[in-house]
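Results of the structural survey
The lines below spell out each chain.
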Amino acid sequence: MYRQYGYDFRNYAYSSLKRRIHYYTQRLNIENISELQGKILYDPKLMEGLSNVLSITVTEMFRDPSFFGAFRSSVIPYLKDVGHIRIWHAGCASGEEVYSMAILLHEAGLYEKSIIYATDINEQILEKAKEGKFPLKKMQQYTKNYLASGGTKEFSKYYSCDEKFATIHSFLKENIVFAHHNLATDHSFNEFHIIICRNVIIYFNKQLKERVFQLFYESLTEGGYLGLGSKESLIGSSYSDKILEVDANNKLLKKGH
Amino acid sequence: MKLKTKLFIGLGTVLVVLLLISANVFYTFNNKNKNMNYIMDEYFERVRLANLLESNTLNTARLTRDLILMETNELNENYLVSIEAEKESSILALETLSNLTADDPKAFEVVNELQFLLTNYYEVVEATVEKVKIGNFETARVTLLEDNAEMRYRIADRLDHLTTLEEASMEQALENSVQSYQNTITFFLLSAIACFILVLSIIFILSRSISKSINRVRNVMRKLPHNSFENLPRMEVTKDEFGEVATAYNEMAVALENFSSNEKNYKKSLEEENWVKTKFGDLATKIQRSQKLEAFGNLFLTNLAPNVEAAFGAFYFQDENKKSFSEIASYAANAESNLGKKCFQLGEGLVGQCAADNEIIVLEKVPEGYIDIKSGLGSATPTSLIIIPIEFDDKVIGVLELAKFSSFTPLQRRLLEQVCNSIGPNLNRITNHMEIARLLSESQTLTEELQTQSEELQQQQEELRTINEELHEENRRTEEKSNELEIIKEDLEHKNREVLLSSKYKSEFLANMSHELRTPLNSMLILSQILAENDTGNLQKKQVEYAQTIHSSGKDLLNLINDILDLAKVESGKVEVYPEQLQLNDIKAFVERQFSPVSKYKGLDFDIVIDKNAPSTIFTDDQRLKQILKNLLSNAFKFTNKGSVTLSVEPGTKETNSKMIFSVVDTGIGIAKDKQNLIFEAFSQVDGTTSRKFGGTGLGLSISRELSQLLGGYVTVESVENEGSTFSLYLPDYENNQTENASLLVAATEEEQLMIEEAPSQISDDNLEQIKDSITEDVNEDLENKNVLIVDDDMRNVFALTSALERQNMNVIFAENGNQAIDILSDKNVDIVLMDIMMPEMDGYEAMTKIRNNDQLKDLPIIALTAKAMKHDREKCITAGATDYISKPVDMEQLLSLIKIWVQK
């Protein structure tokens, strides 16, 4: 697959890979993996399908509200002194957290001078993320998350609804750049004050994790912050003493001292 | 000779000499004294006696002359006596003298001459005295003058001679005495000198002898070395006191030498101990921070081997199976040589044996070629080998092997043993640490794995939902297609198509019409109610009654419209079923709450009888079931003026295809047999006049029937006119079977069609167009028919909100304050609440808190209407139980978005 299409899933977490491929074969009513392999090599659509299956896009606005609460209280003050803020959302999926970040910055009056690079491996989901349309039902949870994260403005100011979807207002999309980026193969493309990469590296094996941490380390400005998912950590990585936890519960880390 | 003896002899001699001299002097002086005394006594006595004899002689001569001179015959007796006494005294003196001079022949001769003379003298005296006595004075004078005088001269001469003799003797004696004194002095001086010389020589001899001994001791002691107590010089043991000192000294020297050698030994062992400790300490510090076994092994070997001059080293640690030992580090090992075997089973080879026995193995004289130790310049075989076990908790966990070119010294062995004895815990710590690190990383992996699984699951759920929705869409499309097919069919069968179209339009018209009607009606109701309340008190009683009438009429109208709407909705298939597991008790409570007041008001008995075999739950749509029961019971109460109304619940049977049977039994007017079928038809009542008498729309039963069919059940009636009726609802568990539902719906539609056919249709084409437009207009299904409760005391707000929301086809209910809102919520189904905060009586916070206290209203969406930019108020709202908030003045679009989100179920 790597040779044919350039997709590199070789360093993804084995068990997850196994489950997803099993799931995909089931969905396609294919007997075994060899058969799937043959089909995929000759059918780019199946490859895309597998790629979509392999990229898990579960996300929420203000997911783990306490993370965003901590971000508000710990990181926003740091950003106030930064001239032009660059933020990288690696593995942004459908963009919920990106828009959450935009809202945070907007409320802190920092959005004007910020630029958020939101990247994902999955092009399809990136298209979705650009739209910023979320199902109405989900907005209930998002509102709750917003309030739990310490939001004090009207969350309803940031979206408008049609029959099925709530669409994020376009003023929140202005400073967001959506782009394709593969953490497994691509390199750093800028230096950032903040890197958010939540619940992405859990799908990677140790080797790839190490690569990603190196990438982040090189891409973070000195004193910059790294936000990880609630179950992720740098434990066991050689970067655990270079990027230090400042809020262990909310997985906020900082490069340097 | 002993010093004591020497001293005794020497000093004793001096003492004896002194005593001799003293005795001599004493003797000499004593002699002298005796001589002097002799001289004094002897010679003076002799002289005195001589002098006495002279005086006696003179005295006798004087007395004799006196006698003669007196010339009297009468002799004086006294003179005679005196002459006699003189004579006597002289004789005594002579005798004494004679005694005294017996040893002096010259004096003795003189004394003899004197004796003779004196005797002659006294014979003359006597002869004279005799002559005197005879008176012959002259003869006497002649005798006296002749004989006597001569005699006296001779005596005197002799006496002088005697005195001279004596004086000469005395001088001689004196001279002797002086001579003897001189001799004594000379002798004394001589003996003093002799004595002095003697004492000096004794002192000299003594001191020489003592100092000789002391010098001997001193010389030996001088030879004592300054900084060492080894090989101390010994002293010759003599027989004197210095011999004892020498013995004591020699003993001391021995003790000192012993002590010194002990101390030296001790110092040496201390140094060795120190060396071992220092090396061990260094090593311990260096290996302390190792976290990994291999790093530890390497560090351990590279630090230990040079200290024991080992040229080769290997470190083995037990494998996980605890039966074999693998090399984890080596020192000076050479890759190309086969230095060291990598793994040993327990008991295999010396390493394995050492591990098995937990004993140190030492090999001396290792044969040539056993191990080659190489350097750039050459290679050689070491001569000795040591293999040491490392234990922890009495179990061997590692083995150390070292080789070197010379034997391991005891000291080096000690170091090795000590080190190996004490690194066990270190090794154990490291393995534990590695284990912990491994577990930590494992747990991290597991945590992440869990997260991936959960996300994958979410994703899958999401996908399933999407697929489901797609299926629904598909279904819908299929339905549409079948509809289209039908339309084509209808096209073919023109008449049928017309009928169907008109039926569809009618339902939709009805539905929309009711809404159109309801919107102004709501305003009317609210305003008439406000009027009727006459808060300002400016209306007359009559006017208030009018307002009340308007309100109650409006309400009737609203009910009618609601019913029509319901029916139309059911008939047009727009009602969806939301089945859930319902508790019979909840239903019972609902019914009681709803109808107890009515029964009291009408004075009827109202019983709810639940069969003990009745199931406690049923799976169906809560709202619809309640609606059916409400209709049935309302009817029963409506048509019963006296007696009772009973709701009984019984378990369903297979024959009746039901799970539960709800029966409403009344003692009302009843229904005639022939009209029992008619009553379920829409817009029918038993007779046309009932409406006037009992009120109501007559749609209740129709709706109930439709709804029951929607839920998969049915309604039957048994009635005897004037005695009462029994309406029974047979209800199964709702089966989410689309086809069945579809068929039911189709059935319903068919019946509806029939009914519509009979019903007069007055819909013009123009109207139809209008209706079509209104349908295509932004009709939001999400908001349609949702019940919104506005709680606000400001009528302008209520009005604005009401009109806007009713435009979205929402049902608006209104409450003026928190208390009213709570009352309304307790008996009306409300989908969402818009809650103003500032209100009289009970404000929004309190109201929300109270609402949230009711378990059934826990999830009811409440949107708080807050003043703008009041951050604190917003927090307070959320704490009080608001689901979300929006600030006033309300942006309608924002509010609608918000409501859309929160009415999602």
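Residues numbered from 1 in each chain as written. Chains lettered and ligands numbered in written order. Predicted model: local features only at pLDDT ≥ 70, side-chain atom pairs only at ≥ 80, totals over all residues. Heavy atoms only, no water.

Residues and elements named next belong to chain A. Bridge count between strand S9 (residues 243-247) and strand S10 (residues 252-255): 4 bridges; the pairing is antiparallel. Counterpart to Glu 245 in the pairing with S10 is Leu 253. In textbook terms, the turn of a hairpin is the stretch between consecutive antiparallel strands, and for S9 and S10 this stretch comprises 4 residues, one of which, Lys 251, has a positive phi near 55°. (Pairing = 2+ DSSP bridges. Helix = DSSP H or I, 4+ residues; strand = E, 2+ residues; numbered from the N terminus.)

All names here are of chain A. Looking at the assigned domains, one finds that chain A contains domain 1 (2-54) and domain 2 (65-255). For domain 1 and domain 2, the distance between their C-alpha centroids amounts to 28 Å. The partner domain 2 presents 11 residues to the 9 residues of domain 1 that form the contact. The three residues of domain 1 that bury the most area against domain 2 are Asn 11, Tyr 12 and Asn 52, which together make up 55% of that side's buried surface. Put simply, domain 1 and domain 2 have 0 salt bridges between them. Scanning the region where domain 1 abuts domain 2 turns up 4 residue pairs in polar contact (both at pLDDT 80 or more). (Domains from an automatic or database assignment. Contact = heavy atoms within 4.5 Å. Buried area = accessible area lost by both parts, 1.4 Å probe. Salt bridge = Lys/Arg side-chain N within 4 Å of Asp/Glu carboxyl O. Polar contact = N/O pair within 3.5 Å; in protein donor to acceptor, adjacent residues only side chain to side chain.)

Here we take up the interface of chain A and chain B. Facing 44 residues of chain A, the contacting portion of chain B comprises 38 residues. Roughly 3600 Å² is buried in total at the junction of chain A and chain B, and carbon and sulfur atoms are behind 48% of that figure. Interface area lost by chain A to chain B is led by A:Thr152, A:Glu154 and A:Lys231, which between them contribute 16%. Across the contact surface, chain A and chain B share 7 salt bridges. A salt bridge links A:Lys138 to B:Glu462; the shortest N-O distance between them is 3.2 Å. One can count 25 residue pairs in polar contact (both at pLDDT 80 or more) joining chain A with chain B. For the side of chain A that touches chain B, the leading source of residues is helix H8 (residues 136-148) of chain A, giving 9 residues.

Tracing the sequence through the fold places B:Pro889 in the loop between strand S20 (884-888) and helix H21 (892-902). Expressed as a C-alpha distance, the spacing of B:Pro889 and B:Tyr734, which sit 155 residues apart in the sequence, is 45 Å.

Residues and elements named next belong to chain A. Strand order in the open sheet made by the 3 strands is S3-S5-S4, with antiparallel pairing throughout. The strands lining the two open edges of the sheet, one partner per strand, are strand S3 (133-135) and strand S4 (159-161). Taken pair by pair, the neighbouring strands of this sheet meet at an average axis angle of 30°, ignoring direction. Pairing analysis gives 3 bridges linking S3 to strand S5 (residues 165-168), with the strands arranged antiparallel. For Pro 135, the partnering residue across the bridge sits in S5 and is Phe 165. (Axes fitted to C-alpha atoms, helices over the stretch in contact; angles between N-to-C directions.)

With that out of the way, let us pick up the UniProt feature "modified residue: 4-aspartylphosphate" (unreviewed entry) in chain B. Residue and element names in this part refer to chain B. Under the present numbering, the feature "modified residue: 4-aspartylphosphate" (unreviewed entry) in UniProt falls on Asp 836. Checked against the element boundaries, Asp 836 lands in strand S18 (residues 832-836). Judged by its relative accessible area of 3%, Asp 836 falls in the buried class. Residues within four places of Asp 836 in sequence aside, it is in contact with Val 791, Asp 792, Asp 793, Gly 844, Leu 865 and Lys 888. (UniProt positions renumbered as here; feature names shortened; annotations may be inferred. Buried < 20%, exposed > 50% of the residue type's maximum accessible area, 1.4 Å probe, protein only.)

Turning to the side chain of A:Asp120, a few remarks are in order. Residue and element names in this part refer to chain A. In this structure, Asp 120 sits in strand S2 (residues 114-120). Buried charge Asp 120 goes without a salt bridge, the closest partner of opposite sign being Arg 63 at 11 Å. Residues contacting Asp 120, with those up to four places away along its chain left out, are Gly 91, Cys 92, Ala 93, Ile 125, Leu 126, Ala 179, His 180 and His 181. (Lys, Arg positive; Asp, Glu negative; His and termini not counted.)

With that settled, the discussion passes to the environment of B:Arg807. All names here are of chain B. Following the sequence through the fold, Arg 807 ends up in helix H17 (residues 795-807). Taking relative accessible area as the criterion, Arg 807 reaches 63% and is therefore assigned exposed. With 24 residues separating them in the primary sequence, Arg 807 and Leu 783 have C-alpha atoms 10.0 Å apart.

All right, on to a nonpolar patch on the surface then. All names here are of chain B. A cluster of nonpolar residues, Phe 29, Tyr 181, Ile 185 and Leu 189, forms a patch on the protein surface that exposes about 370 Å² of accessible area. Top contributing element to the nonpolar patch by residue count: helix H4 (residues 137-222), with 3 residues. Inspection of the secondary structure assignment puts Phe 29 in helix H1 (residues 3-70). Under the relative-accessibility criterion, Phe 29 is labelled partly exposed at 42%. (Patch = residues over 30% accessible without salt bridge, like charges linked within 9 Å, V, L, I, M, F, W, Y side chains within 5 Å. Areas by Shrake-Rupley, 256 points an atom, 1.4 Å probe, with all protein chains shown as cover.)

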